[in-house]
Every structure is written in C-alpha cells, then in structure tokens.
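Listed here are the chains, written in short residue letters.
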Amino acid sequence: MFLFSISDIITVPFGYLLDWLYQLTHNYGAALVIFAVVVKLVLFPIQAKSKKSTMKMSRLQPQIQALQKKYDGDPQRQSAAMQELYKREGVSMTGGCLWSFVPLLILLPLYTVIRQPLVYMLHESAENASAIVTAIQTAAPDLFGSNSYYHQLVAARHISEFVEVVKEAVPTVAENTLKGVDFTLFSIDLGSVPSFNIFSWDAYDWAHIGAFLIPCLSAGSQVFSMWISQKMNNSVVTNEKGVQDEETAKKSEANKSMGMMMWIMPLMSLWIGFTVPAALSLYWFTQGIISIVQDVYLTKHYRKIYDAEDAVKLARAMEEEAAEAEKERIRAARRAANPEGITENTSRKKLQKQQQNAQSEAKAAAAREYAVKKGIAPEGGEENAPLSGIAERPFCRGRNYDPSRYSRVSTEE
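Definitions and limits used
Residues numbered from 1 in each chain as written. Predicted model: local features only at pLDDT ≥ 70, side-chain atom pairs only at ≥ 80, totals over all residues. Heavy atoms only, no water. Core = buried A, V, L, I, M, F, W, Y, C linked by side-chain atoms within 4.5 Å. Buried < 20%, exposed > 50% of the residue type's maximum accessible area, 1.4 Å probe, protein only. Helix = DSSP H or I, 4+ residues; strand = E, 2+ residues; numbered from the N terminus. Contact = heavy atoms within 4.5 Å. Lys, Arg positive; Asp, Glu negative; His and termini not counted. Salt bridge = Lys/Arg side-chain N within 4 Å of Asp/Glu carboxyl O. pLDDT = per-residue confidence, 0-100. Expected span 1.5 Å × (residues − 1).

### Re the nonpolar core
Soluble, globular proteins show a tendency: their nonpolar side chains are buried together. Within the largest apolar cluster, 54 residues are counted, with the highest numbers of intra-cluster contacts made by Tyr28 and Leu190. If you list the elements that add at least two residues to this core, you get helix H1 (8-25), helix H2 (28-59), helix H6 (102-115), helix H7 (117-120), helix H8 (126-139), helix H9 (151-158), helix H12 (206-234) and helix H15 (278-337). Looking at which element gives the most residues to this core, the answer is H2, with seven residues. The contact partners of Tyr28, leaving out residues within four places of it in the chain, are Leu18, Tyr22, Ile114, Met121, Val181, Asp182, Phe183, Leu190 and Ala279.

Structure representation (structure tokens):
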C-alpha cells in the first residue's frame, strides 16, 4: 500500500516527469537536463518578478546612500526616509529575497526523487522497494556501501542482473521495474556519490574524473551566474537625475553582501556536491547555465523600461537645471546693475509703517477739506486750528487732544 505524505505532493509529480523524460530520451543524464529546463520555464514568471525587484533595489542604491549620509546620526529618521523612498518607488524589501528561495524548494524534493528511484521513478511502494533492496543486498552485499541513504540507487542500477531473485522476493514487482535505471552519462555514474579525496580512488579513469568534475562545474556555474547577475544589476543603477552611477553601486552594502554570497553559496554547493549523488550536481550545473542566459535576457528586457524612466528623469533634471541657470543669470544681472549692493528697505515692518503713514495723511487731508467746506478753517493756518477739529468745542478730547492747550490760553489771558 502506497501511503502519501505532504512532501509527495511535489515528489510524486517530479518522479513521473523524470520517468517520462527517461523513457523519452533513454538517457538519465539527458532526462535530468530537460527536467532542469522544464523547471526553469515553470519558475520563469516568479524569477522574473524576483529579478525586477532586485534591479529596482540596485537602482536605488545612490539615493539610499545619500539618505544614509544625510541622517547618519538619526537611525529612526533614516529608516523612515528609506521606507518612504521604497514606497514611492514601489520597491519591496523582501521581494527579491523571498523568490530566490523557490529554487531551493525544488532542489530538496528532487534530491528525494533521485535518492529513491524505486519509489518515485519505477513507482513501487515503499514496502516493495525495501524488499527489492534487501533481496539484492543478500545476493550481492559487496555492491552496497555503508550509507543506506543511497541503497535504492544501487538496487535500481543492478536490478536487471538479479531478476529471478527480485521476483522471488517480490512476486508483485512490475516488469518495467525489472529493467532498472541506467544512470550513466558519458561513462559517468550519476547515481554514485563523487569522492573529493582523489587518493581514495581505486582507479584513475574517466568515470572517477568525470564524477569529480561535475560538482566543480556546478560550483563554477554558480560563481559565474552570480557574478553576471551582479554586473547586470550594477549596470542599471542611476542617480536621482537618471544618470548611470555604477561606481556608487559597487560601494553599496547590498553589493558587498552580494559579493560575499558569490563565494559562500558556490562553496556550499561544492561541499554538497561531494555528499550527494552526481545527478543532483548535474541538475545544479544545468540550472546555473540557464540562470546566466535568463539573467542576461531579463536585464535587457527591464533595461528598456528603466531607460525610458531614466530619460524622463533626465529631461526633468535638465529643465530644473535650466530654470536654476536662468534664475542665476537674473541674479547676476542685478548684481551687475547694483555692484554696491544698496537696496531699498522693503522689509515687512517698513512696508506696514509706510502704509499706516499714508492712511494717516489721507485722513488729515480729508479733515482739512471738510473744514474748508464748512467755513471753519482758522486764520493763520493749521497750527491755529482747534485741537479737536471742532470750532465750537476746541478743548474736547479728540484725536488731536493736547493737554497743554488750556495752560497756554490761561497764560495769554
């Protein structure tokens, strides 16, 4: 009875696809290469989204560095300014990172499919697979190593040599299963685990050398792929004016982190390559090569969009510079016309004072005109006019009230 687990939601379809490709090509290595291409095509929309987010982050590096310098002593304001920048530019902080983990989610189920070909490629139940391994191991114990993780690989490779033994142990075994799986590619056994210690080899032939080279090529493709990706991302970095600024991008923290990852990840893949069957390293190598081609294509595609945006930014920046240059020309002309720098006092308080004086003069003129019309204009001019402006009440306290007026009159009497 074949019991499903949550992981089988991915591993079982992978097993059927790899089996179908193997039946189509009659070559396990070719089936793995095609499988890698199919996976890349399926994940292309996701990886395109990840690439777009990464490129957007790279483009903002000059502005991010400017904000870091501006708010060097204020982390809170610096963080708020960066969040505002990301929101304005439509950039997600985790957009590029989260999608980059999707290929790893594919790699782990594929490792299970490669490690258990009797269950996932030949579609035997776990009980039958265990019985087949035990039967062949009993008949030829020297074929199996101490690592039970890869016993199904050994059994699938040699099952055709022990048909009668397997039939006797598992009467319900399928005829297709008895054919086994040929894991060889150019005389390299993809079902075996490459040995990093070349001094432990029992023979220095192409089978051993080729198995040794596959993890090395896988790690090399990872280095080259990440280097190409870094170069491509830096090539689209522009400042706020839309002018390319690759040098600033090279000094960014994100670029330095990418530089560290460019060596850490391949070293990890190299170590993993010498602890798992060579088939997984072949898949990883193929993925690295396809990633390079994909990265170049996506960069060129998005660069056309970003170039159009940069053209708009550059045109706007040129307009602002032209406007500023015109203002400076006017200021220079004013300085040339008035080299001494003497200007009329046009402060706000001065203007208010001038306005108040003008209103007072207007009211005084109106009062004089009214007095002339009424025939109450005094002889001798304005200095002899009633202080109140009313002839019958010269000493009333009006706006021209003079407290010394009465004393002056008393003296004259």
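### Some details on the side chain of Asp19
Of note, Asp19 is situated in helix H1. One buried charge, Asp19, has no salt-bridge partner; the nearest side chain with opposite charge is Lys179, at 9.8 Å. Once residues lying within four places of it in the same chain are set aside, the contact partners of Asp19 are Met121 and His123.

### Description of the confidence of the model for the chain
When the pLDDT values of the chain are averaged, the result is 80; 79% of them are 70 or greater. Of all helices and strands in the chain, the one with the weakest mean pLDDT is helix H17 (residues 405-412) (51), whereas H7 scores best (93). In this model residues 408-413 is a low-confidence stretch, pLDDT under 50, and it forms one contact with partners more than four residues away in sequence or in other chains.

### As for the environment of Pro194
As for its placement among the helices and strands, Pro194 is situated in the loop between strand S2 (188-189) and H12. Ignoring any residue separated from it by four or fewer positions in sequence, one finds Pro194 in contact with Ala211, Phe212, Pro215, Gly273, Phe274, Val276, Pro277 and Ala278.

### A few points about the environment of Lys167
Structurally, the position occupied by Lys167 is in helix H10 (residues 163-169). Under the relative-accessibility criterion, Lys167 is labelled partly exposed at 36%. Lys167 sits 32 residues away from Ala135 along the chain, and the two C-alpha atoms are 9.5 Å apart.

### Remarks on H1
The end-to-end C-alpha distance of H1, which contains 18 residues, comes to 25 Å, matching closely the 26 Å that a straight helix rising 1.5 Å per residue would cover. Those residues of H1 lying buried are Asp8, Thr11, Val12, Phe14, Gly15, Leu18, Asp19, Leu21 and Tyr22. At its buried positions, H1 is contacted by H2, H6 and H7. Once H1 finishes, His26 follows within two positions and takes phi at roughly 55°, a positive value.

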